[in-house]
Structures are given as C-alpha cells and as structure tokens.
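# Commentary on secondary and tertiary structure
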Amino acid sequence: MTPGTPDADWREDCAPRRVLALFATKWTSMVLHTLHARHAGAARTGVLQRSLPGISKKMLTQTLRDMASAGLVTRHVESAMPPAVEYRLTPLGCRFVEPVELLYAWGRDNADALDALGVRPTARRA
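Residues numbered from 1 in each chain as written. Predicted model: local features only at pLDDT ≥ 70, side-chain atom pairs only at ≥ 80, totals over all residues. Heavy atoms only, no water.

## Considerations on the overall build of the chain
Along the backbone of the chain there are 6 helices and 3 strands. For the chain, buried positions account for 28% of its 126 residues. Here the analysis covers contacts within the chain between residues at least 6 apart in sequence; of these, 45% occur between residues at least 24 apart. (Helix = DSSP H or I, 4+ residues; strand = E, 2+ residues; numbered from the N terminus. Buried < 20%, exposed > 50% of the residue type's maximum accessible area, 1.4 Å probe, protein only. Contact = heavy atoms within 4.5 Å.)

## Details of helix H5 (residues 91–109)
Its 19 residues give H5 an end-to-end C-alpha distance of 28 Å, which sits within 8% of 27 Å, the value for a rise of 1.5 Å per residue. Maximum bend of H5: about 25 degrees, positioned at Glu98, with proline Pro99 one to four residues after it. Among all positions in H5, only Gly93, Phe96, Val97, Val100, Glu101, Tyr104 and Gly107 are buried. Elements that come into contact with the buried residues of H5 comprise helix H1 (15–21), helix H2 (27–39), strand E3 (84–89) and helix H6 (111–116). (Expected span 1.5 Å × (residues − 1). Bend = angle between axes of the 7 residues up to and from the residue.)

## Side note on the packing of H2 against helix H4 (residues 57–69)
Where H2 meets H4, the closest approach of the two axes is 10 Å, and the angle between their N-to-C directions is 80 degrees. If you check the angle between H2 and H4, you find them roughly perpendicular. Side by side, H2 and H4 meet where Trp27, Thr28, Val31 and Leu32 of the first sit next to Met59, Leu60, Thr63, Leu64 and Met67 of the second. Of the residues assigned to the contact of H2 with H4, the class counts are 7 nonpolar, 2 polar and no charged. (Axes fitted to C-alpha atoms, helices over the stretch in contact; angles between N-to-C directions. Parallel < 35°, antiparallel > 145°, perpendicular 65-115°, else oblique. Nonpolar A, V, L, I, M, F, W, Y, C, P; charged D, E, K, R; others polar.)

## Side note on the environment of Val100
With respect to the element layout, Val100 can be found in helix H5. Taking C-alpha positions, Val100 is 6.5 Å from Ser29, a pair spaced 71 residues apart along the chain. Residue contacts for Val100: discarding those within four places in its chain leaves Phe23, Ser29, Leu32 and His33.

## Quick look at H2
Within H2, burial applies to Trp27, Thr28, Ser29, Val31, Leu32, His33, Thr34, Leu35 and His39. Where the residues of H2 are buried, they touch strand E1 (42–44), helix H3 (45–51), H4, strand E2 (73–78), E3 and H5. Two residues or fewer past H2, Ala40 is found with a positive phi of approximately 55 degrees.

## Observations regarding a nonpolar patch on the surface
On the surface, Trp106, Leu114 and Leu117 cluster together to form a nonpolar patch covering roughly 350 Å² of accessible area. Relative to the helices and strands, Leu114 resides in helix H6. A residue is classified by how much of its surface remains accessible, and Leu114, at 36% relative accessible area, is partly exposed. (Patch = residues over 30% accessible without salt bridge, like charges linked within 9 Å, V, L, I, M, F, W, Y side chains within 5 Å. Areas by Shrake-Rupley, 256 points an atom, 1.4 Å probe, with all protein chains shown as cover. Salt bridge = Lys/Arg side-chain N within 4 Å of Asp/Glu carboxyl O.)

Set out below in structure tokens:
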C-alpha cells in the first residue's frame with residue numbers, strides 16, 4: 001500500500017483486481033484477440049476453435065461462457081438445422097481489446113527478451 005492512499009483503492013473488488021480477473025484463464029485474451037483481429041468481432045464456435053491451435057472444445061466453451069458472463073461477448077443462436085452459435089464482441093469487449101492488443105504488440109516487440117527467459121517448466125511448447 002502506498003502511504004496516503006485510501007483503503008478503498010486496495011480492496012478485493014477494486015478495479016485493477018477486477019481487470020486481472022478477466023485474465024483468469026490464458027485463453028480469454030487469445031479469444032478476444034482472435035475475435036477482433038481475425039474475425040471482425042464475430043465468429044462461430046468451430047471457426048474460433050480452428051483459429052486457436054491448442055484449445056480444446058471444452059476449454060473454448062468454458063472460456064466463451066466466462067467471457068459472456070463478464071460482458072465481453074454475446075452469444076447468438078441462429079435458427080438453422082443444426083443450430084449455429086455465433087459469439088460477438090460487446091462494446092465492453094471492443095474496449096477491452098485495446099489494452100490486450102497493446103500487450104500483444106509489446107510481446108512481439110520484445111520477443112527476443114522473452115525468448116531469452118527460456119521455457120517455463122509447465123509450458124507445453126518446447
């Protein structure tokens with residue numbers, strides 16, 4: 001805590017902690033980035049899964065549910081046979097894309113430094 005700052009700035013439900021909670025899974029930012037950068041803000045579940053190598057159908061479904069409950073995406077069911085489900089970025093999701101894109105750009109700009117860190121012991125990629 002910084003001396004002189006109100007205790008409310010450090011509560012469990014403060015804005016910075018709520019933002020970090022949106023990154024609870026590693027896939028949230030990837031799904032958000034993919035919807036924005038590759039699919040103009042809207043895509044069906046299968047298209048998203050093909051666009052995100054390494055994500056399981058179960059993890060994608062759970063991530064999209066979490067994102068919908070957080071207000072980042074909306075779920076639209078098209079009346080077709082079989083029913084088609086499309087996920088679309090909400091206005092909040094579109095605004096949240098901006099800091100995510102800044103982080104991704106930072107990662108691309110600093111790839112050499114990130115590579116020098118080595119592989120994390122828990123990483124799938126060697």
